[in-house]
Amino acid sequence: MINYLKSTTIVAALAVSTTAVLAEDYPTPAPLADGAQASMDTITPTNDTFRIAYMPPATEFNYYIAIGEGIKTVAEAQGAEVFMLAPQSGADINGQMGMIQDVLTQDVDAIIFGTHDEFAAAPLIERAVDQGIAVLMINSDIPNFPTPIHGVVGYSQRNGTHKIADWAIETYGAEPVRVGIIEGQPGYHSTERVGGFLDGIEGNENFEVVVSISGGWNVEGGNTAGMDILQSHPDLDVIFAANDYMIIGASFAAKALGRTDIALLGNDGDTSGLEEIAAGNVTATVNTSPYLMGQAAMHATLDALEGTYAGGWIETPTSIEDRDGAIAVLQEPEKLFPQPSQDY
């Protein structure tokens, strides 16, 4: 029997503190891959009050709303105008492409964007750069977006999920562990997150991945995938999902099947995911601090428009949170969006 009560916290190795990310002197950016850095000299803002479009992949995910709240707090403090535009569903790639196309006609100075299909977005992002718009990608560490962009702000996805694999090995690795994986929609984010977890358990003879299927990034998909996984492999010990929404869905499936003996591991640090961990329904997650990420992205965007940001990737912090850690994070509601449903 695996000991699911053991608790440990692993903090991501990062050269800067969370406080530094919030400050205007955010971490020194790392260079993008050769040919992926757009020239900062071509950025030509046209509005006296900077006008910035925040364009996440979807509004169905509170995670992106939390990033937007971080963006908004800095914009309000610095006197910039920000608006958010995104499709409801993260699977609506065509909808997002249409919105980006519309924004290119709306006299914006900068676009902060995330996408679930970088190749579909690339031609429109290229047009934005050509128009003199500052373009930064959020919630990513991609070093080589298909067309040159000005900057990337986000956590190291592969390192983050590698660390939750390390956590699982330290917590459960003394006994054989059969693992199921719930992937996101195919693309860079899913590849990196699943890849980091697989890298982490590679070579560990106690861990065996027996099934890996897609959950489409959302709770419903995670529920369906979790039910399929648990019914076809009733001897599973651990499920890892590439985001918190899918692992929440898998927790519903586990509960419906009476599986209280399975470890459920996620990735994001979404408020709802943290609350599910605090309640004992999910085991642990990679907390990627989306609110702080949004603040760092907005500082970088304003610096790009002012000519003081040299471009590159700004790494934001991660930590692995189990029940005790999740409760500690929930006790700082000012850094979360949406707010927790209760006081912790």
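None of the values given here were measured: they were computed from a predicted structure.

So, on to the sheet that holds strand β4 (residues 134-138). With respect to topology, six strands assemble into an open sheet ordered β2-β1-β3-β4-β5-β11, the strand pairing being parallel. Edge positions in the sheet fall to β2 (81-84) and β11 (312-315), since each has one partner strand and no second. Mean inter-strand twist for the sheet, computed between neighbouring axes without regard to direction, equals 20°. Note that β4 and strand β5 (residues 151-154) share three bridges and pair parallel. Across the sheet, Met-137 pairs through a bridge with Val-152, a residue of β5. Of the strands in this sheet, β1 (51-55), β2, β3 (110-113) and β4 touch helix α2 (residues 62-78), which is tilted by about 165° from β1. In the packing of helix α3 (residues 93-103) onto the sheet, the strands contacted are β1, β2 and β3, and the crossing angle to β1 comes to about 175°.

This brings us to unusual backbone geometry. For the bond running from Phe-337 to Pro-338, omega is -5°, close enough to zero to count as cis. At Asp-107, a residue that is not glycine, the phi angle is positive and equals roughly 55°. The topology assignment puts Asp-107 in the loop between α3 and β3. Despite not being glycine, Trp-217 has its phi angle at roughly 75°, a positive value. Assignment of secondary structure puts Trp-217 in the loop between β7 (207-214) and α7 (219-232).

Attention now moves to the nonpolar core. Membership of the largest hydrophobic core comes to 76 residues, with the highest contact counts inside it found for Ile-52, Val-153, Phe-197, Ile-239, Leu-265 and Met-298. Sorting elements by how many residues they give to this core places helix α10 (residues 290-306) first, with eight residues. Setting aside its immediate chain neighbours within four residues, Met-298 contacts Ile-52, Ile-71, Val-74, Ala-75, Ala-80, Val-82 and Ile-112. Among the nonpolar cores identified, the runner-up in size contains 29 residues, and Phe-83, Ile-93, Phe-113 and Ile-149 belong to it.

This part takes up the sheet that holds strand β9 (residues 263-268). The mixed open sheet is built from six strands, whose spatial order is β7-β6-β8-β9-β10-β12. Looking at strand neighbours, the two that pair on one side only are β7 and β12 (319-321), the edges of this open sheet. For this sheet, the mean angle separating the axes of adjacent strands, direction not counted, is 20°. Alignment of strand β10 (residues 284-287) against β12, held across three bridges, turns out to be antiparallel. The residue of β12 that forms the bridge with Val-286 is Ile-320.

What follows covers the pattern of salt bridges. All told, the structure shown has nine salt bridges when counted by the stated rule. Residue Glu-192 is joined to Arg-158 by a salt bridge in which the shortest nitrogen-to-oxygen separation is 3.1 Å. Here Arg-158 lies in helix α5 (residues 157-172) and Glu-192 lies in helix α6 (residues 188-201), a separation of 34 residues in the sequence. Classification of Glu-192 as buried rests on a relative accessible area of 15%. Ionic pairing is found between Arg-178 and Glu-208, a salt bridge with its closest N-O pair at 3.5 Å. Of this pair, Arg-178 sits in strand β6 (residues 177-183) while Glu-208 sits in strand β7, placing them 30 residues apart in sequence. For Arg-178, a relative accessible area of 24% puts it in the partly exposed group. Through salt bridges with shared partners, one network takes in Arg-158, Glu-192 and Asp-199.

Calculation rules
- Here the residue numbering is sequential within each chain, running from 1 through the sequence in written order.
- Where local features are concerned, this predicted model is filtered to residues with pLDDT of at least 70; where side-chain atom pairs are given and counted, the filter is 80 or more; whole-chain, interface and lining totals use all residues.
- For the side-chain quantities, the full set of heavy atoms in the structure was used; hydrogens and water were omitted.
- Note on pairing: two strands pair once DSSP finds at least 2 bridges between them.
- A run of H or I in DSSP counts as a helix once it spans at least four residues, and a run of E counts as a strand once it spans at least two, with each numbered from the N terminus.
- Working convention: axes come from line fits to C-alpha atoms, limited for helices to the stretch in contact. Angles between N-to-C directions cover 0 to 180 degrees.
- What makes two residues a contact is simply this: any of their non-hydrogen atoms within 4.5 Å.
- Buried Ala, Val, Leu, Ile, Met, Phe, Trp, Tyr and Cys residues that are joined via side-chain atoms within 4.5 Å together make up what is termed a nonpolar core.
- For every residue, the accessible area obtained with a 1.4 Å probe (protein chains only) is divided by the maximum for its type, and the residue is called buried under 20%, exposed over 50%, and partly exposed between those limits.
- Whenever a carboxyl oxygen of Asp or Glu lies within 4 Å of a side-chain nitrogen of Lys or Arg, that contact is scored as a salt bridge.

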